[in-house]
Amino acid sequence: MARIAVIAGDGIGVEVTAAALEVLRATGVKHGVPLDIEELDYGAERYLRDGTTMPAGEIDRFRREIDAIFLGAVGDPRIPDMRHARDILLATRFELDLYVNFRPVRCLSDALCPLKRKTAADIDFVVFRENTEGAYVGMGGNFKKGTPDEVATNEDVNTRKGVERIVRAAFAYAVEHGRRRVCMADKSNALRFAHDLWQRVFTEVKKDYPQIETRHLFIDALAMELIRGPEAFDVIVTNNMFGDIITDLGAALQGGMGLAASANINPSEALRRPSRPNGIGLFEPVHGSAPDIAGKGVANPLAAIQTVALMLENLGYEGAAKDIARAVQTVVNAGVFTPDLGGSATTAKTRDRVLAALG
Ligand code: NAD
Ligand code: IPM
Ligand code: MN
């Protein structure tokens, strides 16, 4: 039994999650995957109604009782400080210690490839984004806030342990998945302490993987190279904030935000159970709540649907995951595109075509 907690969240998060859940349920029936799906109402509406972001103890309950968490998206213009998102998304990443944010970037069709003189085959790499430290830890503060002399800081926290485990995870993935090259991106030319640590760790860890070709790029150069020659990349490892930015770029290489999936995981043994052989994970599309198109029924559900495939794969249901990937490929090949991809399909139509392709 796969026990899945679902937080649809805000904006198009609600719309794409509804579509993705239908695909999940249909896949569960087809492949005999017993599902126990618990839908939770955490998000902006709940927070504005009764002040609840995440109930106390909820993340501990996930650790005990849940195998995977599926999140649509959080973010609402009425909550500009993202208070609820910190408790729902960032707290789950931090408290479950989901240090790998795995974000695959693969272009499914030449029709979606945004680069001149490149084809879909040139865009196929994965990003290992560090997910538990860096500039995201919330250390910092204000001094003389609101005055002309205001000081504002956010510390960029990098630990030896944290850097080493994400770099090792990237290499281990490369070996296990037959990927030849690992590229580490930092900004060690400017950030002489924190990113020098990344340099030293990378130099040390790569010695354990002599079969892997390694490369270092400063993050600004990586942004340029990903446009100029994406075919040169297999696995990219970088810190939390750079990984956030570079995976939106990656989403654009896939065809758009509506196609990019992600998994937040901790591959260490402590979190494993028979029902979750790879530990508990938080699975979410890379995109946000897209207030500009929310409520119109035109959000692209394919990112969320591909995220379901990532989740099932992580839970050990590889056949079911592959079947969803095949169905999505069929729909893309048929040119069923929502407006973000230049088409006129609705969320519902795209979902129905995926369901039909699943059979
Ligand atoms: P966004 O990803 O929501 O949207 C960026 C652009 O991409 C918009 O033009 C949007 O219409 C388009 N887009 C995104 N997903 C799409 C989809 N599935 N189909 C079609 N078009 C899609 O980023 P943003 O506008 O910077 O952020 C909106 C809110 O979402 C903010 O509050 C932000 O903090 C939050 N956010 C949340 C997450 C998350 O929950 N994981 C991720 C990113 C942003
Ligand atoms: C993402 C999002 C989040 C992040 C925001 C909503 C805090 O952009 O998952 O990519 O920066 O991690
Ligand atoms: Mn992001």
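Residues numbered from 1 in each chain as written. Chains lettered and ligands numbered in written order. Predicted model: local features only at pLDDT ≥ 70, side-chain atom pairs only at ≥ 80, totals over all residues. Heavy atoms only, no water.

S.K.: Looking at this model, I keep getting lost on the domain arrangement of the protein chain. Mind explaining?
M.R.: Much of the literature gives interface size as the accessible area that the parts lose upon coming together. In terms of domain boundaries, the protein chain breaks down into domain 1 (1–99 + 256–359) and domain 2 (124–253). Here domain 1 and domain 2 have C-alpha centroids that lie 24 Å from each other. Across the contact, eleven residues belong to domain 1 and 14 residues belong to domain 2. The junction of domain 1 with domain 2 conceals about 1,100 Å² of combined surface from both sides, 54% of it contributed by carbon and sulfur atoms. Of all residues in domain 1, Arg 93, Phe 94 and Tyr 99 give up the largest surface area on contact with domain 2, accounting jointly for 54% of the area buried on that side. At the boundary of domain 1 with domain 2, the tally comes to one salt bridge. A salt bridge links Arg 165 to Asp 97, with the nearest nitrogen and oxygen atoms 2.7 Å apart. Linking domain 1 with domain 2 are five residue pairs in polar contact (both at pLDDT 80 or more). (Domains from an automatic or database assignment. Contact = heavy atoms within 4.5 Å. Buried area = accessible area lost by both parts, 1.4 Å probe. Salt bridge = Lys/Arg side-chain N within 4 Å of Asp/Glu carboxyl O. Polar contact = N/O pair within 3.5 Å; in protein donor to acceptor, adjacent residues only side chain to side chain.)

S.K.: Looking at this model, I keep getting lost on the layout of surface pockets. Mind explaining?
M.R.: With a probe scaled to a water molecule rolled over the atoms, the places where space remains empty come into view. Of the pockets and cavities examined, the largest pocket occupies roughly 1,200 Å³. Taken together, 39 residues line the largest pocket, and the ones lying closest to its centre are Phe 102, Tyr 173, His 177, Leu 310 and Glu 313. At the level of elements, strand S4 (100–106), strand S5 (124–130), helix H5 (160–176), strand S11 (261–265), helix H9 (302–314) and helix H10 (318–333) are the ones that each hand at least two residues to the lining of the largest pocket. No other element matches H10, which puts seven residues into the lining of the largest pocket. Each residue belonging to the lining of the largest pocket can be placed in one class, and the counts come to 24 nonpolar, seven polar and eight charged. For the lining of the largest pocket, the two domains that each supply at least three residues are domain 1 (1–99 + 256–359) and domain 2 (124–253). Here the second largest pocket defines a volume of roughly 610 Å³. Counting residues per element, the ones that place at least two in the lining of the second largest pocket are helix H4 (83–95), helix H8 (240–254) and strand S12 (281–285). Per element, the largest residue contribution to the lining of the second largest pocket is seven residues, and it comes from H4. Considering only residue class, the lining of the second largest pocket consists of 15 nonpolar, four polar and seven charged. (1 Å grid on protein atoms, 1.4 Å probe; cavity = no way out; pocket = protein on both sides within 12 Å on 5 of 7 lines; lining within 4 Å. Points joined across faces, edges and corners; volume = space filled by probe spheres on them. Helix = DSSP H or I, 4+ residues; strand = E, 2+ residues; numbered from the N terminus. Nonpolar A, V, L, I, M, F, W, Y, C, P; charged D, E, K, R; others polar.)

S.K.: What's the story with the site of ligand 2 in this structure? I'm lost.
M.R.: Ligand 2 sits among Met 82, Leu 89, Arg 93, Arg 103, Arg 129, Tyr 136 and Asp 244. Arg 93 has a polar side-chain atom sitting 2.7 Å from an oxygen atom of ligand 2. Within the side chain of Asp 244, an N or O atom sits 2.9 Å from an oxygen atom of ligand 2. The fraction of the free accessible surface of ligand 2 (320 Å²) that becomes covered by protein chains is 76%. Lining the shell around ligand 2 are residues from two domains, each supplying at least three of them: domain 1 (1–99 + 256–359) and domain 2 (124–253). (Near = heavy atom within 4 Å. Areas by Shrake-Rupley, 256 points an atom, 1.4 Å probe, with all protein chains shown as cover.)

S.K.: Is there a simple way to explain the site of ligand 1 in this structure?
M.R.: Near ligand 1 lie 20 residues; those nearest to it are Val 74, Glu 284, Gly 288, Ala 290 and Asp 292. Between ligand 1 and the protein, one listed contact pairs a nitrogen atom with a side-chain N or O atom of Glu 284 at 2.8 Å. With respect to ligand 1, the side chain of His 287 contributes an N or O atom lying 3.3 Å from a nitrogen atom. In isolation ligand 1 offers 800 Å² of accessible surface; the protein chains occlude 69% of this area. Of the residues in the shell around ligand 1, the class split is eleven nonpolar, six polar and three charged.

S.K.: Explain the nonpolar core here, please?
M.R.: Counting 88 residues, the largest nonpolar core has Ile 4, Phe 70, Phe 128, Val 167, Leu 222, Val 237 and Ile 324 as its most contacted members. In terms of domain composition, this core takes at least three residues from each of domain 1 (1–99 + 256–359) and domain 2 (124–253). Counting 20 residues, the second largest nonpolar core, distinct from the first, contains Ile 66, Val 74, Leu 271 and Leu 282. (Core = buried A, V, L, I, M, F, W, Y, C linked by side-chain atoms within 4.5 Å. Buried < 20%, exposed > 50% of the residue type's maximum accessible area, 1.4 Å probe, protein only.)

S.K.: What is the right way to look at the pattern of salt bridges in this model?
M.R.: Opposite charge on two side chains lets them pair, provided their charged atoms get close. Applying the stated criterion across every chain, the model contains 33 salt bridges. Between Glu 22 and Arg 351 there is a salt bridge, and its shortest N-O distance comes to 3.4 Å. Of the two residues, Glu 22 is situated in helix H1 (residues 12–31) and Arg 351 in helix H11 (residues 347–358); the sequence distance between them amounts to 329 residues. Measuring nitrogen to oxygen at the nearest pair gives 3.5 Å for the salt bridge that ties Arg 179 to Asp 234. Pair noted here: Arg 179 is in the loop between H5 and strand S8 (181–186) and Asp 234 is in the loop between helix H7 (219–228) and strand S10 (235–238), with a separation of 55 residues, a long-range link. For Arg 179, a relative accessible area of 15% gives the class buried. Given the relative accessible area of 9%, Asp 234 is considered buried. Connected through shared salt-bridge partners, Arg 160, Glu 164, Arg 168, Glu 204 and Asp 208 make up one network.

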